[in-house]
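Here is how the chains run, residue by residue.
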Amino acid sequence: MSLLIKNGRIITATDDYLADILVEGEQVAAIGKELIADAEQTIDAAGMLVMPGGIDPHVHLDMPFMGTFSSDTHETGTRAALFGGTTTVIDFVLQKQGHTLREALDEWNSRARGTTVGDYSFHMAVTDFNPGTKAEIKTMVEQEGITSFKTFMAYKGALMIDDRQMTALMQEVRQQGGMVTVHATNGDVIDYLVAKHLAEGNVSPLYHYLSQPEVTEAEASARFTDIANYTGCPAYIVHLTCEGALNAVRNATRRNQKVYVETCIQYLTLDASKYDQGFESAKWVMSPPLRELKDQETLWAGINQGLVNIVATDHCPFMWKQKLMGENNFSKIPNGHPAIENRMELLFSEGVNKNRITLNKYVEVACTNPAKIFGMFPRKGTIAIGSDADIIILDPHEKHTISAATHHMNVDYSAYEGWELTGKVKTVVLRGKVAIDNNECLVAKGYGQFIKRNKVSGKI
């Protein structure tokens, strides 16, 4: 199969130019002015932006959590991602305490293999680090291509590991060429505040927010960076939300330490005023919670300062009926919100169109840095000869409105209902095949491939 994309304005993390792209099979074969090729399919991208397919390195598909499962499967979630311009996602495999990493991987493979529409990879969440788990790290890195290992500093009794386990895990992961990522919030302080608010009869979603003040994230982020600095392990903080936590990273740079930082689209666009809407605020119950306007300013600035490297989603949707599990107790509301389909267009409309970030920075944080940091570059994350032909064509002027009535995620509400955006993904190419065109999905369940990732360099 060959494809010629003509007359587009090609944007990468470093470049901005007019040219044609020739795709042969699954890869980019040529880039140049007025290419002449007898391609089987031609797309005229005049007036459009042509960019690499997005990479969302933080999604939870079909994930068991709080007595239920997130509502997007690997099929529905990756399809919805494609509609929004994200061609590759990285999902999280969750080890169960008392069980092996292999058992967890087998469970996730049973749900994902042969069902995804877009490409995908896995992080491995380590919740029980012991001598047996330690022995599995090398196998995960070298045989499975899983090179990132997530830890939780919260959710005691289910997902949380202590600092002793964190230190030992970092030492082993560093030796094997991997990276440790972290949900950095102080679980003990949060558990105390949750119990305090419930004992006082405060059960609304507002108290989810009040149980996770900024200090819980700032303290844990600083502690994580200190342990990473001691062990020398490449380190990455997921879904960082606030000024205090980013200042912990900023302080780490003073000792020449590099800590990678991810924020999520919701923390750039929504704020804690959403928790003043009664139980409807359950739509925005996530951990960490939405923060203040001053934190939004800090995060946008952090992107331009190079401190915030990636904008992801932490996509973890639940149907409204599932959210109602916590109607009388905020601590029982399943944590998470839907955004896998909206990330690229929201970031373009709110970031590029409002002059908060440049087009090159947009591609950097949504496409290229995820590929570089997680060992997929240059196969993914750029438009270059020999790279996978993962390409999006975006109309920078088309206005459209986000709504649960028209989105493709398997969830019956949108956290962005009624938002009017400027900038619409029109065509998506995945490994050389037109996957989305005219709001229609043209690839079937099972087209997505698992992407084995390279060892971590610790540099971008």
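These remarks concern the structure in this document. Every chain begins its residue count from 1, and numbering advances along the sequence as written. Note on the predicted model: pLDDT of at least 70 is required for a residue's local features to be given, and 80 or more for side-chain atom pairs to be given and counted; whole-chain, interface and lining totals, by contrast, use all residues. Hydrogens and water are ignored here; the side-chain numbers use all heavy atoms of the structure.

Attention shifts here to the pattern of salt bridges. Working definition: two side chains of opposite charge can pair if their charged atoms are close together. A pair is scored as a salt bridge if a Lys or Arg side-chain nitrogen falls within 4 Å of a carboxyl oxygen belonging to Asp or Glu. Taken as a whole, this structure holds 30 salt bridges when the rule is applied. One salt bridge in this structure joins Arg102 and Glu144, with 2.9 Å as the shortest N-O distance. Taken together, the positions of Arg102 in helix H2 (residues 101-112) and Glu144 in the loop between helix H3 (131-142) and strand S11 (148-152) put the pair 42 residues apart, joining distant regions of the chain. Owing to a relative accessible area of 28%, Arg102 belongs among the partly exposed residues under this scheme. As a salt-bridge pair, Arg291 and Glu217 come within 3.0 Å of each other at their nearest N and O atoms. Of this pair, Arg291 sits in the loop between helix H9 (265-269) and helix H10 (293-305) while Glu217 sits in helix H7 (residues 214-231), and the two are 74 residues apart along the sequence. Residue exposure (1.4 Å probe, protein chains only): buried if accessible area is under 20% of the type maximum, exposed if over 50%, otherwise partly exposed. Judged by relative accessible area, which is 2%, Glu217 ranks as buried. Numbering goes from the N terminus for both helices and strands, where a helix is a DSSP run of H or I of at least four residues and a strand is a run of E of at least two.

Let us now look at the pairing of strand S18 (residues 433-437). Note on pairing: DSSP must find at least two bridges between two strands before they are called paired. Both strand S17 (residues 420-430) and S18 contribute to a ladder of four bridges, which runs antiparallel. When the bridges of S18 are listed, Val428 appears paired with Ile436. Counting the residues that bridge the hairpin from S17 to S18 gives two residues, and of these Arg431 lies at a positive phi of roughly 50 degrees. Pairing of S18 with strand S19 (residues 440-441), which is carried by two bridges, proceeds in the antiparallel orientation.

This part covers the packing of helix H12 (residues 343-352) against helix H13 (residues 359-373). Packing of H12 against H13 brings their axes to within 11 Å, and their N-to-C directions diverge by 150 degrees. By the angle class used here, H12 and H13 are roughly antiparallel. Crossing geometry of H12 relative to H13 is assigned as right-handed. Contacts from Arg343, Met344, Leu347, Phe348 and Val352 in H12 reach Leu359, Tyr362, Val365, Ala366 and Cys367 in H13. Throughout, the ten residues Ala, Val, Leu, Ile, Met, Phe, Trp, Tyr, Cys and Pro are labelled nonpolar, Asp, Glu, Lys and Arg are labelled charged, and all others, Gly among them, are labelled polar. Grouping the amino acids of the contact of H12 with H13 by side-chain chemistry returns nine nonpolar, no polar and one charged. Helix axes are fitted only over the stretch in contact, all axes being lines through C-alpha atoms; the angle between N-to-C directions runs from 0 to 180 degrees. Just so you know how the angles are binned, under 35 degrees is roughly parallel, over 145 roughly antiparallel, 65 to 115 roughly perpendicular, and the rest oblique. Two helices crossing with the near one rotated counterclockwise from the far one by less than a right angle form a left-handed crossing, whereas a clockwise rotation gives a right-handed crossing. Whether two residues touch is decided by their heavy atoms; if any such pair falls within 4.5 Å, the residues are in contact.

To continue, consider the sheet that holds strand S13 (residues 235-237). To summarise the sheet geometry, strands pair through backbone hydrogen bonds and adopt either a parallel or an antiparallel arrangement. Pairing in this open sheet of eight strands is parallel, and the strands run S6-S9-S10-S11-S12-S13-S14-S15 from one edge to the other. Edge positions in the open sheet fall to strand S6 (54-59) and strand S15 (310-312), since each of these has one partner strand only. The average angle at which neighbouring strand axes cross in this sheet is 30 degrees, direction not considered.

Turning our attention to the state of the cysteines. Working definition: a disulfide is two cysteine sulfur atoms within 2.5 Å of each other. Applying the stated criterion across every chain yields a total of zero disulfides. Cys264 takes part in no disulfide bond, and the closest cysteine sulfur, belonging to Cys316, lies 11 Å away. For Cys264, a relative accessible area of 0% puts it in the buried group.

Here we take up the packing of helix H8 (residues 243-253) against H10. Between H8 and H10, the least distance of the axes is 9 Å, while the angle of their chain directions is 30 degrees. In terms of axis orientation, H8 runs roughly parallel to H10. For the pair formed by H8 and H10, the contact residues are Glu243, Leu246 and Arg250 on the first element and Lys294, Asp295, Thr298, Gly302 and Gln305 on the second. When grouped by side-chain class, the residues that make up the contact of H8 with H10 number one nonpolar, three polar and four charged.

With that settled, consider the nonpolar core. Residues Met124, Met166, Phe224, Leu347 and Tyr362 are the most contacted members of the largest nonpolar core, which totals 119 residues. When residues in this core are grouped by element, the largest group, eight residues, is from H13. Other than its neighbours up to four places away in sequence, Met166 contacts Thr151, Met153, Ile161, Val180, Val182, Phe224 and Ile227. The next biggest cluster of nonpolar side chains, apart from the first, holds 17 residues, and it includes Ile5, Val28, Ile391 and Val434. Nonpolar core, defined: a set of buried Ala, Val, Leu, Ile, Met, Phe, Trp, Tyr and Cys residues in which side-chain atoms within 4.5 Å join the residues together.

Take the environment of Met319 next. When you line up the elements, Met319 lands in the loop between S15 and helix H11 (320-323). In the structure, Met319 is positioned 15 residues away from Pro334 in sequence and 9.6 Å away in space, judged by C-alpha atoms. Leave out the neighbours within four places in its chain, and Met319 touches Ser71, Asn410, Val411, Asp412 and Tyr413.

With that out of the way, let us pick up helix H4 (residues 163-176). In this scheme, a helix's expected span is set at 1.5 Å multiplied by one less than its residue total. If you check H4, its first and last C-alpha atoms are 20 Å apart, about what 14 residues at 1.5 Å a residue would give, namely 20 Å. Those residues of H4 not exposed but buried are Gln165, Met166, Leu169, Met170, Glu172, Val173 and Gln176. Residues of H4 that are buried in the fold lie against H3, S11, strand S12 (179-183) and H7. Gly177, located one to two residues past H4, shows a positive phi value of around 85 degrees.

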